[in-house]
Amino acid sequence: MTDCIFCKIAAGEIPAEKLLENDDVVVFRDLNPQAPTHLLAIPRRHIATINDLQEQDAALFGKLFLAAKEVAALEGIADTGYRTVMNCGEGAGQTVFHIHLHILGGRAMGWPPG
Ligand code: DGP
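Now for a description of the structure that goes with this document. (Residues numbered from 1 in each chain as written. Predicted model: local features only at pLDDT ≥ 70, side-chain atom pairs only at ≥ 80, totals over all residues. Heavy atoms only, no water.)

**Looking at the overall build of the chain**
Piece 1. A tally of helices and strands in the chain yields two helices and five strands.
Piece 2. When the helices and strands of the chain are listed from N to C terminus, the series reads α-β-β-β-α-β-β.
Piece 3. A compact globule built from 114 residues should have a C-alpha radius of gyration of about 13 Å, and the chain, at 14 Å, falls within 12% of that.
Piece 4. Dimensions of the chain along its principal axes, counting C-alpha atoms only, are 35 × 30 × 25 Å.
Piece 5. The buried share among the 114 residues of the chain stands at 38%. (Helix = DSSP H or I, 4+ residues; strand = E, 2+ residues; numbered from the N terminus. Rg over C-alpha atoms; globule rule 2.2 N^0.38 Å. Buried < 20%, exposed > 50% of the residue type's maximum accessible area, 1.4 Å probe, protein only.)

**A closer look at the site of the ligand**
Piece 1. Around the ligand, the structure places 15 residues, and the nearest of them are Asp30, Asn87, Gly93, Thr95 and His102.
Piece 2. At 2.8 Å, a side-chain N or O of asparagine 87 approaches an oxygen atom of the ligand.
Piece 3. Within the contact set of the ligand, an oxygen atom lies 2.6 Å away from a backbone nitrogen or oxygen of threonine 95.
Piece 4. In isolation the ligand offers 510 Å² of accessible surface; the protein chains occlude 84% of this area.
Piece 5. Mapping the ligand onto the cavity grids shows that it belongs to the largest pocket.
Piece 6. Among the elements of the structure, helix 1 (5-10) and strand 2 (25-29) are those that each provide at least two residues to the shell around the ligand.
Piece 7. Per-element accounting of the shell around the ligand gives the leading share, three residues, to helix 1.
Piece 8. The residue inventory of the shell around the ligand, partitioned by class, reads seven nonpolar, six polar and two charged. (Near = heavy atom within 4 Å. Polar contact = N/O pair within 3.5 Å; in protein donor to acceptor, adjacent residues only side chain to side chain. Areas by Shrake-Rupley, 256 points an atom, 1.4 Å probe, with all protein chains shown as cover. 1 Å grid on protein atoms, 1.4 Å probe; cavity = no way out; pocket = protein on both sides within 12 Å on 5 of 7 lines; lining within 4 Å. Sits in = over half its atoms within 2 Å of the grid points. Nonpolar A, V, L, I, M, F, W, Y, C, P; charged D, E, K, R; others polar.)

The structure is reproduced here in structure tokens:
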């Protein structure tokens with residue numbers, strides 16, 4: 001999608017600190033971190049929200065979590081604990097309409113989330 005900031009990050013058209021890239025998934029540091037480690041795992045392919053997922057996206061979605069596991073180990077938060085969050089829709093706080101898995105760690109996390 002030409003107008004999508006995360007498509008542009010995936011394509012290397014705008015800069016981001018990337019920690020992992022493969023054919024399907026890119027992980028980069030969030031511009032506005034909410035924890036000492038705050039990363040975003042995105043599919044290269046544009047999917048706007050969880051509501052747009054199709055049956056054939058199941059494996060791709062699994063790959064987002066496998067990438068999360070890999071970068072959590074790289075960042076040293078795998079054992080101390082980390083939170084994964086995917087906001088769906090404006091009411092949940094989604095501001096970029098290209099699905100992304102937040103990976104947050106390096107501090108204690110409260111519950112319930114705000
Ligand atoms: P959400 O609110 O769930 O849609 O999260 C969007 C996140 O994306 C938010 O934490 C800030 C981050 N973000 C927005 N624009 C950019 C950008 O241009 N670069 C990077 N690295 N992160 C961005």
